[in-house]
Amino acid sequence: MMKKRMIAMLLAGGQGSRLGVLTAKVAKPAVAFGGKYRIIDFPLSNCVNSGVDTVGVLTQYEPLRLNSHIGTGMPWDLDKRDGGVTVLPPYEKSGDSEWYTGTANAIYQNLAYMEQYNPDYVLILSGDHIYKMDYEEMLSCHRRNQAEVTIASMAVPWEEASRFGILVTDDARKITAFEEKPANPRSNLASMGIYIFNWKMLREALIALKDVPGCDFGKHIIPYCFDKTDKLYTYEFNGYWKDVGTLSSYWQANMELVDLVPEFNLYEEFWKIYTREASLPPMYMAKGAKAERSIISDGSSIYGEVSHSVLGPNVLVEEGAVVHDSILMRGVKVGKNARIEKAIIAENTEIGEGSILGEGAFAESQLDTRVYASDLVTVDENSYIPPHVSVGKNTAISGHTEPEDYPGGRLPDGGYIVKAGGEG
């Protein structure tokens, strides 16, 4: 097997439980974003644009859609004989079978995959962030500093710093202290969960900590390296980066795409975002239909009104229907005269004629206050909302619902309907 300068290991096994019903049946990296894309398209495209041609994608939770989306890697030019993209699910080993129990444990279980390339460097990535980064620049920084480990970082608001792994550095960007989610942070420079390791250092750390339960990079690997060497540096990133791990941040990041001057630009020729695309007809706008400040993907047909929204492929908005401030994923059908306000509606869901979503005022969630904490309506994939019902704010719906599920024709603010097979 050809020796590689740098390979990437992309952690894409996360459930993304803070996305509620959106990830009840699909891994977070496979969730749609920006219309036709999926979240994992962004780190994969970064790899291609940065010249990283060997990527191991570690899957675990609900891997089917992710696996079929990645396929042979052709859309990202990663269908190569020497390298390319390889999906790496947990597998049964002789006398030992186990799930990935932590980010570093997942990498450790794929030592054999990495060893076959004998790389100089290993790039560790997360599959659930929205950003554009040139990993070649980060590698240049790593080599210039003669580092053993380089951690990508960015400044975050001080009030949010305790949510992150925090780096304390000197003037040369050498890391002098690393604190995982400190109560009283000494810095607001947060780890982005993007690492470049010298292969020998990473291999040593993984083997030394292989028996640590739930072995994790932030909690275990980085502190181990810190004890072994003083050659840990940070690469400070100043571009757009979003962890779309909550419903509010996911909705906000999509809505930023339709700003008059979007902070995150999907249309740059020199840094394309690639995805697996079906052959679909162009988007169709009927006579009398209206669309304003929206992304509307191929195959969609608009007969009503759409404003400040992001629509995936094959969405149908029927006559008289109004969609505002919302995300409608692939294959959603909105019936005649329905009204949708500030909602996230997952794939292949049907909204019945004359129904109103997002009407009311915020109320605390009766399902899970950690997950549902905004005024969004969140609807799981393959759901059905019957005609002429009203759905309040901060609500969740999963499954094929019937009129009798809406007492008095309404799901109250903060309410939920989860049918069998929906979110547990």
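Below is a summary of the structure that appears in this document. (Residues numbered from 1 in each chain as written. Predicted model: local features only at pLDDT ≥ 70, side-chain atom pairs only at ≥ 80, totals over all residues. Heavy atoms only, no water.)

**Focus: the packing of aromatic side chains**
In total, this model carries 10 aromatic pairs according to the counting rule given. Relative to Phe197, the ring of Tyr195 lies with its centre 5.9 Å away and its plane at 50°, an arrangement referred to as tilted. With respect to class, Tyr195 is no different from Phe197; both count as buried. Grouping aromatic residues by their ring pairs yields a cluster made of Phe33, Tyr37, Phe42, Tyr240, Tyr250 and Phe264. Sitting over the face of the ring of Trp251, Lys342 holds its NZ or CZ atom 4.7 Å from the ring centroid. (Phe/Tyr/Trp six-rings, centres within 6.5 Å; stacked < 30°, edge-to-face > 60°. Buried < 20%, exposed > 50% of the residue type's maximum accessible area, 1.4 Å probe, protein only. Lys NZ or Arg CZ within 6 Å of the ring centre and 35° of its normal.)

**Here's the deal with the nonpolar core**
Soluble globular proteins tend to pack their nonpolar side chains together in the buried interior. Grouped together as the largest cluster of nonpolar side chains are 36 residues, with contacts concentrated most on Leu44, Val55, Val57, Leu123, Leu125, Met133 and Ile194. For this core, the secondary-structure elements that each account for two or more residues are β1 (6-11), α1 (41-49), β4 (54-58), β6 (121-126), α5 (135-144), β8 (149-155) and β11 (189-198). Every residue in contact with Met133, bar those within four places of it in the chain, is listed here: Asn46, Ser50, Met138, Ala152, Met192, Ile194, Tyr235, Phe237 and Trp271. Core analysis: the next-biggest nonpolar cluster, separate from the first, contains 35 residues, Val21, Phe42, Ile344 and Val371 among them. (Core = buried A, V, L, I, M, F, W, Y, C linked by side-chain atoms within 4.5 Å. Helix = DSSP H or I, 4+ residues; strand = E, 2+ residues; numbered from the N terminus. Contact = heavy atoms within 4.5 Å.)

**Brief notes about the sheet that holds strand β19 (residues 310-311)**
With respect to topology, 7 strands assemble into an open sheet ordered β16-β19-β22-β25-β28-β31-β33, the strand pairing being parallel. A strand with exactly one partner marks an edge of an open sheet, and here the two such strands are β16 (295-296) and β33 (416-418). Both strand β25 (residues 343-345) and strand β28 (residues 377-379) contribute to a ladder of 3 bridges, which runs parallel. Paired with Ile344 across the two strands is Thr378, which belongs to β28. (Pairing = 2+ DSSP bridges.)

**Comments concerning helix α7 (residues 217-228)**
Of the residues making up α7, those classed as buried are Phe217, Gly218, Ile221, Ile222, Tyr224 and Cys225. At the N-terminal end of α7, a side-chain oxygen is found 3.0 Å from the backbone nitrogen of Gly218, two or three residues along, and the residue is Asp216. (Polar contact = N/O pair within 3.5 Å; in protein donor to acceptor, adjacent residues only side chain to side chain.)

**What about the pattern of salt bridges?**
Here the structure, examined in full by the defined rule, presents 21 salt bridges. Close ionic contact of Arg5 with Glu136 constitutes a salt bridge, the shortest N to O distance being 2.6 Å. With Arg5 in the segment before β1 and Glu136 in helix α5, this residue pair connects regions lying 131 residues apart in the sequence. Assessed through its relative accessible area of 26%, Glu136 is described here as partly exposed. (Salt bridge = Lys/Arg side-chain N within 4 Å of Asp/Glu carboxyl O.)

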